[in-house]
Amino acid sequence: MAWSESVDTILANKDGLAAFRTFLKSEFSEENVEFWLACEDFKKTKSSAKIASKARKIYSDFIQADAPKEINIDFQTKNHISQNISEPTLSCFDDAQRLVYSLMAKDSFPRFLRSEVYKELVKKQQNGNQKRWFPFL
């Protein structure tokens, strides 16, 4: 299955992303992928008014102390974002996004590939492929 190649592959595929999110929810760490997706959406923002409001939303949801979906990033990165959130740029979350991506790639993704969620997905896809070749199955 192509998803096993990299985190990028799974994040770029709707079904793969859904399965990865399900897995992360089961591990109580879905905030990482949610933050990553919010940052990807944020970087596509054109209007400066929307940049400011989206940045504040990402900050309040994921960065500030006791945020409802607080991500685990180092003090220096968090502090840098906090100091610059009043005048956000499209790259203001890049360092945090890189850290979260790295955490997903090195930790969550390998566990996902060993999980029952992934194994079931592979089995379903294999069964689906067999049915294409053997419609009587």
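See the structure above.
These numbers were taken from a predicted model, which means no experiment stands behind them. (Residues numbered from 1 in each chain as written. Predicted model: local features only at pLDDT ≥ 70, side-chain atom pairs only at ≥ 80, totals over all residues. Heavy atoms only, no water.)

> Just checking my understanding: could you explain the overall build of the chain for this structure?
Of the regular secondary structure elements, the chain holds seven helices and zero strands. Counting from the amino terminus, the chain carries its helices and strands in the arrangement α-α-α-α-α-α-α. For the chain, the C-alpha atoms occupy an extent of roughly 60 × 30 × 25 Å along the three principal directions. Going through the 137 residues of the chain one by one, you find that 35% of them count as buried. Across the chain, contacts joining residues at least 24 apart in sequence account for 57% of those joining residues at least 6 apart. Roughly 8,600 Å² of accessible area belongs to the chain as shown, and the carbon and sulfur atoms make up 52% of that amount. (Helix = DSSP H or I, 4+ residues; strand = E, 2+ residues; numbered from the N terminus. Buried < 20%, exposed > 50% of the residue type's maximum accessible area, 1.4 Å probe, protein only. Contact = heavy atoms within 4.5 Å. Areas by Shrake-Rupley, 256 points an atom, 1.4 Å probe, with all protein chains shown as cover.)

> Please clarify how the pattern of salt bridges should be interpreted in this entry.
Where charged atoms from two side chains of opposite charge come close, those side chains can pair. One pass over the structure, following the stated rule, counts 11 salt bridges. Among the ionic pairs, Asp95 bridges to Arg98, the shortest N-O distance being 2.5 Å. Of this pair, Asp95 and Arg98 both sit in helix 6 (residues 94-114), three residues apart, roughly one helical turn. The class for Arg98 is exposed, based on a relative accessible area of 52%. Beyond isolated ion pairs, a larger network of salt bridges with shared partners links Arg21, Glu34 and Lys69. (Salt bridge = Lys/Arg side-chain N within 4 Å of Asp/Glu carboxyl O.)

> Sorry if this is basic, but what is going on with the nonpolar core here?
For soluble globular proteins, the rule of thumb is that nonpolar side chains tend to be buried together. With 32 residues, the main nonpolar core has Leu11, Phe20, Phe35, Ile63, Ile71, Phe93 and Phe112 as its most contacted residues. Elements supplying a minimum of two residues to this core: helix 1 (7-11), helix 2 (14-26), helix 3 (31-43), helix 4 (48-63), helix 6 and helix 7 (116-133). The leading source of residues in this core is helix 4, at six residues. If sequence neighbours within four positions are ignored, Phe112 has contacts with Ile10, Ala19, Phe20, Phe23, Val117 and Tyr118. (Core = buried A, V, L, I, M, F, W, Y, C linked by side-chain atoms within 4.5 Å.)

> How should I be thinking about helix 2 in this particular structure?
Across its 13 residues, helix 2 extends 19 Å between first and last C-alpha, which sits within 8% of the 18 Å expected from 1.5 Å per residue. Along helix 2, the residues that are buried comprise Gly16, Leu17, Ala19, Phe20, Phe23 and Leu24. The buried residues of helix 2 occupy an angular sector of 165° when the element is viewed end-on, so they sit on one face. The opening residue of helix 2 is Asn13, an N-cap whose side-chain oxygen sits 2.9 Å from the backbone nitrogen of Asp15. Downstream of helix 2 by one or two residues, Phe28 has phi in the positive range, about 55°. (Expected span 1.5 Å × (residues − 1). Arc of directions from axis to C-beta. Polar contact = N/O pair within 3.5 Å; in protein donor to acceptor, adjacent residues only side chain to side chain.)

> Is there a simple way to explain the side chain of Thr45 in this structure?
Tracing the backbone shows Thr45 in the loop between helix 3 and helix 4. At a separation of 2.8 Å, a polar atom in the side chain of Thr45 contacts the main-chain carbonyl oxygen of Phe42. Only 3.2 Å separates the side chain of Thr45 from the side chain of Lys54, close enough to count as a polar contact. With sequence-adjacent residues up to four places away left out, Thr45 is seen in contact with Lys50, Ile51, Lys54 and Leu90.

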